[in-house]
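# Close look at the chain arrangement
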Amino acid sequence: RLPLRLSRQGQDVAENPRGVTSRRVRGPAGSGKSLALALRAINLASQGKRVLIVTYNITLSHYLRDLCSRAARERGVQNWKQSISFVHFHELLRELWIQRSRPRIDGDEWDEGVIQYIANQYQRPGHDLPIYDAILVDEGQDFELEWWRFIREHLLESSGEMILVADRT
């Protein structure tokens, strides 16, 4: 495989030299947005940060895992798999739902009631639900606004970093 190459703008996303905590990255398909996101995840993992990568579908999640694996290998980052979690949005909800010992439900039954139930669980003092130092969302144009709000308000550390990568469309 060829080495992973980024544009200047992609390097800015991957390195975050200004320490921006909330960013939206837009560009056309094939411009390197997902690669920049994967490299940012590896950089954060190398600093010991807990990173959640959220996608709209499972296929993209697997693609990003492969990019992270390649980036980690090229940069000599070890143990990144313990720091980065990959999940598509409905799988995330399903896992949180099951952690609360709720009955299994089918994908077509997901509605804002499930999101609200889980959000309420996060608001309970001393909850044991996962919280991340950074959350990176790819294909953000496919996300509903309430999904974005849910992730930002409940799964992100107060000083955490969040990136939304989306196509210009």
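In what follows, the structure referred to is the one given above.
Parameters at a glance
- Residues numbered from 1 in each chain as written.
- Predicted model: local features only at pLDDT ≥ 70, side-chain atom pairs only at ≥ 80, totals over all residues.
- Heavy atoms only, no water.
- Buried < 20%, exposed > 50% of the residue type's maximum accessible area, 1.4 Å probe, protein only.
- Helix = DSSP H or I, 4+ residues; strand = E, 2+ residues; numbered from the N terminus.
- Pairing = 2+ DSSP bridges.
- Right-handed = clockwise from strand over helix to strand, strands pointing away.
- Contact = heavy atoms within 4.5 Å.
- Axes fitted to C-alpha atoms, helices over the stretch in contact; angles between N-to-C directions.
- Parallel < 35°, antiparallel > 145°, perpendicular 65-115°, else oblique.
- Left-handed = near helix turned anticlockwise from the far one by under 90°.
- Nonpolar A, V, L, I, M, F, W, Y, C, P; charged D, E, K, R; others polar.
- Core = buried A, V, L, I, M, F, W, Y, C linked by side-chain atoms within 4.5 Å.

Next up on the list: the pairing of strand β3 (residues 84–88). Of all five residues in β3, four are buried; the element is thus mostly enclosed. Examined bridge by bridge, strand β2 (residues 51–55) and β3 share five bridges and lie parallel to one another. When the sheet's bridge partners are listed, V51 is paired in β3 with I84. Following the backbone out of β2, through helix α3 (residues 58–75) and into the adjacent parallel β3, one traces a crossover that is right-handed.

Let us now look at the side chain of H88. Here H88 lies in strand β3. When near neighbours in sequence (up to four residues on either side) are disregarded, H88 contacts V54, T55, Y56, N57 and I58.

Two elements in contact, helix α2 (residues 33–46) and α3, have axes separated by 9 Å at closest approach and are oriented at 55 degrees. As summarised for this structure, α2 and α3 are arranged oblique, according to the angle between their axes. Between α2 and α3 lies a crossing whose hand is right-handed. On the side of α2, the interface is formed by S34, L35, L37, A38, L39, A41 and I42, while α3 contributes Y63, L64, L67, C68, A71, A72 and R75. Classifying every residue of the contact of α2 with α3 by side-chain character gives twelve nonpolar, one polar and one charged.

Turning our attention to the nonpolar core. Core analysis: the largest hydrophobic core is formed by 30 residues, its most contacted members being I42, V51, I53, C68, W80 and I84. Elements with a contribution of two residues or more to this core: α1 (8–15), α2, β2, α3, β3, β4 (132–137) and β5 (156–167). Ranked by residues supplied to this core, first place goes to α2 with nine residues. The residues contacting I42, other than those within four sequence positions of it, are C68, A71, A72, V77, W80 and I84. The next biggest cluster of nonpolar side chains, apart from the first, holds 26 residues, and it includes V87, I135, W147 and F150.

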